[in-house]
Amino acid sequence: MIAAYNEGSVIANTIAGVLPYVRNVVVCDDCSSDATAQAALDAGAHVLSHPINLGQGAALQTGIAYALRQQAQYIITFDADGQHDAREILPMLAALKASGVDAVLGSRFLGTKTNIPFSRRLVLTSALLYTRLTARIRLTDVHNGFRALTRKFCEEFEFKQNRMAHASEILDHIAAHKVRFIEHPVTIVYTEYSIRKGQRSSNAIRILMELLMGRVSK
C-alpha cells in the first residue's frame, strides 16, 4: 500500500521495485497535480484517487480499506519516494509470520540509514519523545512508513489523523490495545529528491500540534 502525492517522476520506479515481492500494489493518489495516478496505473498498480488532497494518513486508510475488501491477509505500507528498499519486504513479512505478532514496524536505527538531514532528525526526535511521554511505548523509530500489518490489525485500526501525525497514531493504538508488535531493521536512503520533498524543521511542531488536537477531539 503506497500513499502518493505528486510523485509522478518516481512512482513507476517504486512500483517496479516492489512488484517482484508482492502479489498486488495499491496506490492511493491523494489528488496530485501531476501524472502520479496515470504513471502508477501504467506501472501495474491498483490506483485509487482522492478528489481533494486529504493527507498521507487518509490516503493510507483509503488504500487499506480497499485491500481489505479484496481479502488481503497481510498489508505492507511503503513510501512512494524511493527511500525504502523493496528487497526488505519479504524478510519483514517473514518476521511477521514467524513471530505471530500483528504489526512489524520498520526501524532505520536498527538497520541502515544514509545522509539523514538535520531537519528529519529533529522531526524523529520530537515524535520519539512525544510517543514515550503519551503512549508509554518505547521504540527506536516512530515515524517510519515501512510496516507489515496483519488483516486483524487493519480491521481493528482506523486512521483518524489525515496528515503526518498518523504515524504516531498507530503507536497510540498499539499501546492502548496491547497489540503485539516487533521492530525490524530497514534501510532508509535519503536521496536528493526525497530530501527536497521531505520534512522541514518547522513540520516537527506541526506534527505535534496535529497529535495534540487529535487527542483533544477524542
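The rules behind these values
- Residues numbered from 1 in each chain as written.
- Predicted model: local features only at pLDDT ≥ 70, side-chain atom pairs only at ≥ 80, totals over all residues.
- Heavy atoms only, no water.
- Helix = DSSP H or I, 4+ residues; strand = E, 2+ residues; numbered from the N terminus.
- Expected span 1.5 Å × (residues − 1).
- Buried < 20%, exposed > 50% of the residue type's maximum accessible area, 1.4 Å probe, protein only.
- Phe/Tyr/Trp six-rings, centres within 6.5 Å; stacked < 30°, edge-to-face > 60°.
- Contact = heavy atoms within 4.5 Å.
- Core = buried A, V, L, I, M, F, W, Y, C linked by side-chain atoms within 4.5 Å.
- Pairing = 2+ DSSP bridges.
- Axes fitted to C-alpha atoms, helices over the stretch in contact; angles between N-to-C directions.
- Arc of directions from axis to C-beta.
- Polar contact = N/O pair within 3.5 Å; in protein donor to acceptor, adjacent residues only side chain to side chain.

**Q** What is the right way to read helix α3 (residues 56-69) from this model?
**A** Think of an α-helix as turning once every 3.6 residues; residues three or four places apart then point the same way. Here α3 is 14 residues long and its end C-alpha atoms lie 20 Å apart, about the 20 Å a rise of 1.5 Å per residue gives. Of all 14 residues making up α3, 10 are buried, and the element is well covered by its neighbours. After α3 finishes, the residue Q71 shows a positive phi value of roughly 70°.

**Q** Whenever I open this one, the packing of aromatic side chains confuses me. Can you help?
**A** Within a pair of aromatic rings, the relevant descriptors are the distance that separates the centres and the angle that separates the planes. Applying the stated rule across the entire model yields three aromatic pairs. Judged by centre distance (5.1 Å) and plane angle (80°), the ring pair of F78 and F146 falls under edge-to-face. With F78 in the loop between β4 (74-77) and α4 (89-99) and F146 in the loop between α5 (118-134) and β6 (147-150), this residue pair connects regions lying 68 residues apart in the sequence. Overall, the relative accessible area of 6% leaves F78 in the buried class. Its relative accessible area of 0% is what places F146 among the buried residues.

**Q** Whenever I open this one, the side chain of H184 confuses me. Can you help?
**A** Along the chain, the position of H184 falls in strand β7 (residues 181-189). Look at H184 and you get buried, because its relative accessible area is 16%. With residues up to four places along the chain from it excluded, the contact list for H184 reads P91, M92, A95, V104, L105, G106 and S107.

**Q** Looking at this model, I keep getting lost on the nonpolar core. Mind explaining?
**A** Soluble, globular proteins show a tendency: their nonpolar side chains are buried together. Core analysis: the biggest nonpolar cluster contains 27 residues, and M1, I64, I75, F153, C154, L171 and I174 have the highest contact counts within it. Sort the elements by how many residues they give to this core and α3 lands first, with six residues. In contact with I75, not counting residues within four places along its chain, are M1, I64, A67, L68, R147, A148, L149 and C154. Counting 23 residues, the second largest nonpolar core, distinct from the first, contains I15, V18, V25 and A40.

**Q** What exactly am I supposed to notice about the sheet that holds strand β1 (residues 2-4) here?
**A** By way of backbone hydrogen bonds, the strands of a sheet pair with one another, either parallel or antiparallel. On the basis of which strands lie adjacent, the open sheet formed by three strands has the order β1-β2-β3 and parallel pairing. Because the sheet does not close on itself, it has two edges, and the strands there are β1 and β3 (46-49). Here the average twist between neighbouring strands, direction ignored, is 20°. Inspection of the sheet shows β1 paired to strand β2 (residues 26-29) by three bridges, in the parallel sense. Within β2, the residue paired with A3 across the bridge is C28.

**Q** Honestly, helix α1 (residues 11-18) in this entry has me stumped. Any pointers?
**A** When α1 is considered as a whole, its buried residues turn out to be I11, T14, I15 and V18. Looking down the long axis of α1, one finds its buried residues gathered within 95° of arc, a one-sided arrangement. Against the buried residues of α1 lie β1, β2, α2 (36-42) and α4.

**Q** Looking at this structure, I do not really get the side chain of R108. What am I missing?
**A** Mapped onto the secondary structure, R108 falls in strand β5 (residues 103-114). Accessibility expressed as a relative area gives 2% for R108, which makes it buried. A polar contact is formed between the side chain of R108 and the side chain of D141, at a distance of 2.6 Å.

**Q** Looking at this structure, I do not really get unusual backbone geometry. What am I missing?
**A** Note: most peptide bonds trans; most residues except glycine with negative phi. Look at Q71: it is not a glycine, yet its phi comes out positive at around 70°. Relative to the helices and strands, Q71 resides in the loop between α3 and β4. By relative accessible area, which is 52% here, Q71 ends up exposed. For K178, which is not glycine, the phi dihedral falls at a positive 50°. Note on K178: relative accessible area 71%, which makes it exposed.

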